Amino acid sequence: MSLAKQTYLLFQRPNGGHLKVVTQALQQMVPYLQHKSVDCEAGGILLGRLLRDSNDIVVDEVTIPMPGDKRNRYAFYRAKRRHQEIINQRWQESSGTCIYLGEWHTHPERIPTPSTIDLKDWQRKLKTDTFENDLFFLILGIEEARMWTGKQKSHEMRPMINIYQNNPDYDRKLT
């Protein structure tokens, strides 16, 4: 099923939990898919919450490209200040339950794979960003989404399995 038709994204975490990108967050990203040869990469941050008494995580919101970000066909560079302001605002509004979970961006390929620049950037973020759990890195291709997770201490990167299904049991569990 194409990304534009999916209602959410669901990934299996290496530790056995799940990560769900809810409909609202997915709908914020879909307009930036690079269907045309003139479309530039786009990206932002992933915001969401850790579900109590589980290894499950929900991405409730994403930021989208903002003034100051740099975009071209094969690269996206996020300007830190405006996106950080949103992170801070959502954290305060939620009394600390809405947190920074990672980054997303698009690729102009059907099934995305991280570039060397992506991998280096992710390693840098694992070393320098402030976060509570693992960091997550989502790439949206033209037809599929792929996600990787990274550990703060070891800087180990691992792919996550996309297990999207229109399954009411997942919908009830991960909301």
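The numbering scheme is per chain: residues are counted from 1 as the chain's sequence reads. Where local features are concerned, this predicted model is filtered to residues with pLDDT of at least 70; where side-chain atom pairs are given and counted, the filter is 80 or more; whole-chain, interface and lining totals use all residues. For side-chain calculations, the full set of non-hydrogen atoms in the structure is used, while hydrogens and water are omitted.

Draft legend 1. The nonpolar core, seen in detail. To form a nonpolar core, buried Ala, Val, Leu, Ile, Met, Phe, Trp, Tyr and Cys residues must be joined to one another through side-chain atoms within 4.5 Å. Here the term buried applies to any residue with accessible area under 20% of the maximum for its type, exposed to any over 50%, and partly exposed to those in between, with areas from a 1.4 Å probe on protein chains only. In this structure, Leu9, Leu19, Val21, Leu46, Leu138, Leu140 and Met147 are the most contacted members of the largest nonpolar core, which totals 26 residues. The secondary structure listing takes helices from DSSP runs of H or I that are at least 4 residues long and strands from runs of E that are at least 2 residues long, numbered from the N terminus. Broken down by element, the residue count for this core peaks at 4 residues, all from strand S4 (residues 57-62). Excluding residues within four positions of it along the chain, Leu46 makes contact with Val59, Glu61, Val62, Ile99, Tyr100, Leu101, Gly102, Glu103, Trp104, Phe136, Leu138 and Met147. Only heavy atoms matter for contacts: two residues are in contact if any of them lie within 4.5 Å across the pair.

Draft legend 2. Region of the structure containing the packing of aromatic side chains. A pair of aromatic rings is counted whenever rings of Phe, Tyr or Trp (Trp by its six-membered ring) have centres within 6.5 Å, and the orientation is called stacked for planes under 30 degrees apart, edge-to-face for over 60 and tilted otherwise. Tallied over the entire structure, the rule returns 3 aromatic pairs. Between Trp122 and Phe137 the ring centres are 4.8 Å apart and the planes differ by 15°, which places this aromatic pair in the stacked class. Highlighted residues: Trp122 in helix H3 (residues 116-128) and Phe137 in strand S8 (residues 135-140), separated in sequence by 15 residues. Put simply, the rings of Trp122, Phe137 and Trp148 pair up and form one aromatic cluster. Over the ring of Tyr8 we find Lys20; its NZ or CZ atom is 4.6 Å from the centre of that ring. Consider the ring centre and the ring normal. A charge sits over the ring if Lys NZ or Arg CZ is within 6 Å of that centre and within 35 degrees of that normal. Between the NZ or CZ atom of Arg73 and the centre of the ring of Tyr74, over which it lies, the distance is 5.9 Å.

Draft legend 3. The arrangement of the side chain of His107 in detail. Inspection of the secondary structure assignment puts His107 in the loop between strand S7 (99-106) and H3. Residue classification places His107 among the buried positions, given a relative accessible area of 6%. Polar contact is defined as a pair of N or O atoms within 3.5 Å, subject to the rule that within protein one atom must be able to donate a hydrogen and the other to accept it, and that residues adjacent in sequence are counted only when both atoms are side-chain atoms. In this structure the side chain of His107 is engaged in a polar contact, spanning 2.8 Å, whose partner is the side chain of Glu109. At 3.0 Å, the side chain of His107 forms a polar contact with the side chain of Asp118.

Draft legend 4. Summary view of the pairing of strand S10 (residues 157-162). By the convention used here, strands pair only if DSSP detects at least 2 bridges between them. Examined bridge by bridge, strand S1 (residues 9-12) and S10 share 2 bridges and lie antiparallel to one another. From the neighbouring strand, Gln12 faces S10, where its bridge partner is Ile161. Here strand S9 (residues 145-150) runs beside S10; their pairing, made up of 4 bridges, is antiparallel. Counted as the bridge partner of Trp148 is Pro159 from S10. Linkage of S9 to S10, two consecutive antiparallel strands, is achieved through a turn of 6 residues, within which His155 is found at a positive phi near 60°.

In short, geometric facts, not functional conclusions.
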